[in-house]
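# Structural characterization, general
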Amino acid sequence: MLSFAASTRHVTRSQLLRAARRSYATESTSKKPSNLPLYLMGAGVAGLGTYFYLNSTGKSVITQEKSPLDPENFKDFKLKKIVPYNHNTSEFIFELPNNEASLLPVASCLVVRSSDPEALKDEKGKPIIRPYTPISPPEKQGELTLLIKKYDNGNASKHIHGLKEGDTLAIKGPIPKFPYKVNEFEEVALIGGGSGITPLYQIVTHALSNASNRTKFTLLFSNVTEADILLKSELEALQKKYPTKFNLVYMLDKPPAGWTGPTGYISKEVLQQHVAPASLNERVKVFVCGPPGQVAAVAGKKAGMKQGELGGILKELGYTEDQVYKF
Ligand SMILES: Cc1cc2nc3c(=O)[nH]c(=O)nc-3n(C[C@H](O)[C@H](O)[C@H](O)COP(=O)(O)OP(=O)(O)OC[C@H]3O[C@@H](n4cnc5c(N)ncnc54)[C@H](O)[C@@H]3O)c2cc1C
C-alpha cells in the first residue's frame, strides 16, 4: 500500500511534500532524477484516489486518478518486451497505457489468463487463471514487469512463455495480500523457494526504500542450483545498500563445489539459525512463498487462496498463526 492516505480537505500541499520526503527518501542519495510516488488522496486504495508523483526536486510531475488495472475485470495489456533471465525464466514487460503507473498496494498480486479464451483453458473448458506478483515497483510509469518461470508441464507459464512481443495477456488486479505497514514488526523473515521470491521481493524492496524503516529482514531463499536463483543481483544490491537491515541467505539442493551456505531442504535447524524466534511474539512476522510442497513442509498447506492451518516446521518451533503469512 502506498504509504499516505488522507482527505484532501485536511492536508496541505506542503504537508504532503514533507510526508513524501520522509516516506520515500532512501538511505543513499541518488543524483539521478527519479519519480517518486508521493501520496494517495481519497479512499486509500489503488484505483480510488489521486496519486501525485514527484521528481527528485520535489516537483509534482504527474497526477494519476487511478490504476490502469481493474480489480473486478480482466483487461488486455500489451507485451512490450521479453527479457530472458535464465534457462527457464524470463521477464515479461507489459505496457501500461498513457505512461501510467500500476499503483499496486504492497503486498498484492495480479491474476492473469489468456486474452483469447480458447488459448488457455482446463479440461472443462474454463479459463485457467494464475497469480503473479510484479517485480516492478508500483510507481513505475508505463510498465509492469512479471518474472515468470516456465514449468514444462505448466499450463499458464507455458502459455505466457509462448507469447511474442506485441501479443496481449488479460490481467486483473490488484488482489490484496498482506497489507504491509512500515515498522509494524521488529524482525521479518522471508522464506522463499524458486519463483516464490516475487511477493517477498515486493515486500522487502518496498520496506527498505522507506527511510524510516527500522525492521530487520532475513531472506532464506532456497533453490535447486545457483543458476536457479532469481533476482540474485537485485537482492545482493539490496544487501549491499542496507547491510544492517537485510540479511540474505541462499540455500541450495545441488550446491557447487566450495559452497559454504546451507544445503538441502529447509530444516528445523536452518530456521532456528536464521529466523527470529517465535518468542518475539507480535514483533516477528514470517512470510512464506514457494512451491506447494515447500510451503506445506515449512508452514502447513494453504487452503486454496486461503491461509489454511499453520503446520510444518514453523508450528513445531512454536510460531502461531498470527506470526505467519503464506502467499
Ligand atoms: C501469490 C502468488 C504469486 C506468484 N507469483 C509468481 C511470479 O511472480 N512468478 C512465477 O513464475 N510464479 C508465480 N507464482 C506461481 C504461479 O501462480 C503458478 O503457480 C506457476 O506459474 C505455475 O502455473 P502453471 O499453470 O504453469 O502450472 P500448473 O499447470 O498449475 O502446474 C504444473 C506443474 O507445476 C507444479 N507447480 C505449480 N506451481 C508451482 C510452483 N509455484 N512451484 C513449483 N511447482 C509448481 C505443479 O505441481 C504441476 O506439477 C505465484 C503464486 C502465488 C500463489
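Our structure is the block above this text.
In this report, we go over the structure that sits alongside the text. Note that the coordinates shown come from a computational prediction; the quantities given were computed from them, not determined experimentally.

The subject of this paragraph is the sheet that holds strand β12 (residues 216-223). An order of β13-β12-β11-β14-β15 is seen for the five strands of this open sheet, with the pairing classed as parallel. Two strands bound the open sheet, and with one partner strand each, they are β13 (246-252) and β15 (324-326). If you compare each strand with its neighbour and ignore which way they point, the axes differ by 15° on average. The pairing of strand β14 (residues 284-289) with β15 spans three bridges and is classified as parallel.

A word on the pairing of strand β9 (residues 143-149). Of all seven residues in β9, five are buried; the element is thus mostly enclosed. Relative to β9, strand β6 (residues 89-95) runs antiparallel, the two sharing seven bridges. Paired with Glu95 across the strands is Glu143, a residue of β9.

For the rest of this paragraph, the subject is the site of the ligand. Around the ligand lies a shell of 18 residues, among which Arg130, Pro131, Tyr132, Ser157 and Thr198 are the nearest. Measuring from an oxygen atom of the ligand, one finds a side-chain N or O atom of Tyr132 at 2.7 Å. A total of 900 Å² of accessible area belongs to the ligand in isolation, and the protein chains cover 76% of it. Elements supplying a minimum of two residues to the shell around the ligand: β8 (130-132), β9 and α2 (155-161). Residues of the shell around the ligand, tallied by class, amount to eight nonpolar, seven polar and three charged.

With that out of the way, let us pick up the environment of Asn98. Residue placement: Asn98 occurs in the loop between β6 and β7 (108-114). In this structure Asn98 comes out as exposed when scored by relative accessible area, which is 69%. For Asn98 and Pro68, which are 30 residues apart along the polypeptide, the C-alpha to C-alpha distance reads 9.1 Å.

Side chains that are nonpolar tend, in soluble globular proteins, to be buried together. If you look at the biggest cluster of nonpolar residues, it comprises 33 residues, and the most contacted ones within it are Ile197, Phe217, Leu219, Leu235, Phe246 and Phe287. Mapped by element, the contributors of at least two residues to this core are β11 (187-193), α3 (197-208), β12, α4 (232-241), β13 and β14. Broken down by element, the residue count for this core peaks at seven residues, all from α3. Apart from residues lying up to four places away in sequence, Phe217 is in contact with Tyr180, Val188, Leu190, Ile203, Val204, Ala207, Leu208, Lys245, Phe246 and Asn247.

The omega torsion of the bond from Val106 to Ala107 falls at 0°, within 30 degrees of zero and hence cis. By the element assignment, Ala107 lies in the loop between β6 and β7. Here the amide bond leading from Gly173 into Pro174 is cis, since omega sits at 0°, within 30 degrees of zero. Inspection of the secondary structure puts Pro174 in strand β10 (residues 168-176). We note that Leu103 has phi near 60°; this positive angle belongs to a residue other than glycine. Along the polypeptide, Leu103 turns up in the loop between β6 and β7. By relative accessible area, which is 1% here, Leu103 ends up buried.

Cut-offs applied
- Residues numbered from 1 in each chain as written.
- Predicted model: local features only at pLDDT ≥ 70, side-chain atom pairs only at ≥ 80, totals over all residues.
- Heavy atoms only, no water.
- Pairing = 2+ DSSP bridges.
- Helix = DSSP H or I, 4+ residues; strand = E, 2+ residues; numbered from the N terminus.
- Axes fitted to C-alpha atoms, helices over the stretch in contact; angles between N-to-C directions.
- Buried < 20%, exposed > 50% of the residue type's maximum accessible area, 1.4 Å probe, protein only.
- Near = heavy atom within 4 Å.
- Polar contact = N/O pair within 3.5 Å; in protein donor to acceptor, adjacent residues only side chain to side chain.
- Areas by Shrake-Rupley, 256 points an atom, 1.4 Å probe, with all protein chains shown as cover.
- Nonpolar A, V, L, I, M, F, W, Y, C, P; charged D, E, K, R; others polar.
- Core = buried A, V, L, I, M, F, W, Y, C linked by side-chain atoms within 4.5 Å.
- Contact = heavy atoms within 4.5 Å.

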